[in-house]
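Notes for the structure review
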Amino acid sequence: MGRFRAGCLNTGDLRQISWLSAPDYWHIEFIMRALLPLLFFLAQPFWETKPPERWTDGEIHTLRNYSPWAQPVEPDPVVVAYLATAAPIEMAEAELRLRMKKNASRMPEPDPDYIDYLRENRESQFVLAITYPTLRGLGKAEENKRLEEETVMVIGRKTYPFAGHFPPTPSDPVLRLIFDREVKPSDRAVSFRLYLPGLNFPEREVEFRVKDLMFQGKLEM
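**So, unusual backbone geometry**
Residue P75 follows E74 across a cis peptide bond; omega there is 5°. Within the secondary structure, P75 is located in the loop between β1 (70-73) and β2 (79-83). A cis amide bond, omega -5°, links D76 with the succeeding residue P77. Relative to the helices and strands, P77 resides in the loop between β1 and β2. For F201, which is not a glycine, the phi torsion comes out positive at approximately 55°.

**Thoughts on the pattern of salt bridges**
In total, this model carries 10 salt bridges according to the counting rule given. In this structure, the salt-bridge partner of R122 is E90, at a minimum N-O distance of 2.9 Å. Here E90 lies in helix α5 (residues 87-100) and R122 lies in the loop between α6 (112-121) and β3 (125-131), a separation of 32 residues in the sequence. Residue R99 pairs with E95 through a salt bridge whose shortest N-O separation is 2.9 Å. Here R99 pairs with E95, and both are found in helix α5, just 4 residues apart, close to one helical turn.

**As for the packing of helix α4 (residues 57-65) against α5**
The relative placement of two packed helices is expressed as an angle between their axes plus a distance between the axes. Contact geometry of α4 with α5 gives a least axis separation of 10 Å together with a crossing angle of 140°. Of the possible angle classes, the one that applies to α4 and α5 is oblique. Helix-helix and strand crossings are classified by hand; for α4 and α5 the assignment is left-handed. Contacts between α4 and α5 involve D57, I60, L63 and R64 from the first element and P88, I89, A92, E93, E95, L96 and R99 from the second. Among the residues forming the contact of α4 with α5, the class breakdown is 6 nonpolar, no polar and 5 charged.

**Let's talk about the nonpolar core**
What tends to happen in soluble globular proteins is that the nonpolar side chains get buried as a cluster. Core analysis: the biggest nonpolar cluster contains 52 residues, and W69, L83, L128, I130, L177, V190 and F192 have the highest contact counts within it. Ignoring anything within four residues of it in the chain, the contact list for L83 reads W69, I89, F126, V127, L128, F208, L213 and M221.

**What about the confidence of the model for the protein?**
Predicted confidence across the protein gives a mean pLDDT of 86, with 81% of residues reaching 70 or more. Scored below 50 in pLDDT, residues 1-7 shows 3 contacts in the model against residues more than four places distant or in partner chains. Note on residues 37-41: pLDDT is under 50 here. Beyond four places in sequence and across chains, it has 1 contact.

**A look at the packing of aromatic side chains**
Under the criterion given, the structure shown has 11 aromatic pairs. A centroid spacing of 6.5 Å and a plane angle of 85° characterise the contact between W69 and F215, whose relative ring orientation is edge-to-face. Remark: F215 occurs in strand β10 (residues 214-215) and W69 occurs in the loop between α4 and β1; sequence separation between them is 146 residues. Among the residues examined, W69 registers a relative accessible area of 0% and is labelled buried. Geometrically, the ring pair formed by F162 and F179 is edge-to-face, given 6.3 Å between the ring centres and 70° between the ring planes. Taken together, the residues F162 in the loop between β5 (158-161) and β6 (164-166) and F179 in strand β7 (residues 174-180) connect sequence positions 17 residues apart. Residue classification places F179 among the buried positions, given a relative accessible area of 0%. Ring-pair connections join several aromatic residues into one group, and the members of that group are F46, W47, W55, W69 and F215. When the ring centre of Y114 is taken as origin, the NZ or CZ atom of R176, which lies over that ring, is 4.8 Å away.

**Quick notes on α5**
Since the α-helix advances by 3.6 residues per turn, residues separated by three or four positions end up pointing in the same direction. Its 14 residues place the ends of α5 20 Å apart at the C-alpha level, agreeing with the 20 Å of an ideal helix rising 1.5 Å per residue. Restricting attention to buried positions, one finds in α5 the residues A87, P88, I89, A92, E93, E95, L96, R97 and M100.

**Overview of the side chain of E93**
If you trace the backbone, E93 turns up in helix α5. At 4.0 Å, R64 is the nearest oppositely charged side chain to E93, a buried residue that forms no salt bridge. Apart from residues no more than four positions distant in its own chain, E93 is found in contact with R64, Y82 and M107.

Reading the values: rules and limits
- Residues numbered from 1 in each chain as written.
- Predicted model: local features only at pLDDT ≥ 70, side-chain atom pairs only at ≥ 80, totals over all residues.
- Heavy atoms only, no water.
- Helix = DSSP H or I, 4+ residues; strand = E, 2+ residues; numbered from the N terminus.
- Salt bridge = Lys/Arg side-chain N within 4 Å of Asp/Glu carboxyl O.
- Axes fitted to C-alpha atoms, helices over the stretch in contact; angles between N-to-C directions.
- Parallel < 35°, antiparallel > 145°, perpendicular 65-115°, else oblique.
- Left-handed = near helix turned anticlockwise from the far one by under 90°.
- Contact = heavy atoms within 4.5 Å.
- Nonpolar A, V, L, I, M, F, W, Y, C, P; charged D, E, K, R; others polar.
- Core = buried A, V, L, I, M, F, W, Y, C linked by side-chain atoms within 4.5 Å.
- Buried < 20%, exposed > 50% of the residue type's maximum accessible area, 1.4 Å probe, protein only.
- pLDDT = per-residue confidence, 0-100.
- Phe/Tyr/Trp six-rings, centres within 6.5 Å; stacked < 30°, edge-to-face > 60°.
- Lys NZ or Arg CZ within 6 Å of the ring centre and 35° of its normal.
- Expected span 1.5 Å × (residues − 1).
- Lys, Arg positive; Asp, Glu negative; His and termini not counted.

What follows is the structure, given as structure tokens:
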């Protein structure tokens, strides 16, 4: 064995055996520790890592239509239900308005009465908004009565009626439902049973997972 410059293992020396057999993982651990902050950063959604002015148009669209605060509700005609008073949604709408000022078609402005109502009641109430693809069929007393009787918020086994609403208009085709802030961060989910006047298949339901509604460490609705 001497010709091949290979040494003999002393089987009586346990320290030598353990030193030779122990895997050398220290460099892997060092690399993983260095990468953890980067991996955590990359795992966070864009609304947590970038200010609104750096969001792309596609990201704004995603946030307003397919996010923890907004989702399409089937069947046809598909509508989008979104938590209009959640900070990420408001930030996306404000940024979109700024960008659309340069275009011929501007983003519709909400009813001034709605803005005033929010200013006075934001701390105790939130808004679930539903986009309306058509305004035909609205204004019927029977339909409005069913809206008031059948539309509720559900948390666990408890149901809560809405406190008021702002109907869709030609200049702003969005139904806005006002609910009291009953949701807590410890709740699993909040769902809404809806009756949407004037639409085919007016009975709809939408659910939001509460833990996904956290933004910068705070529940946003």
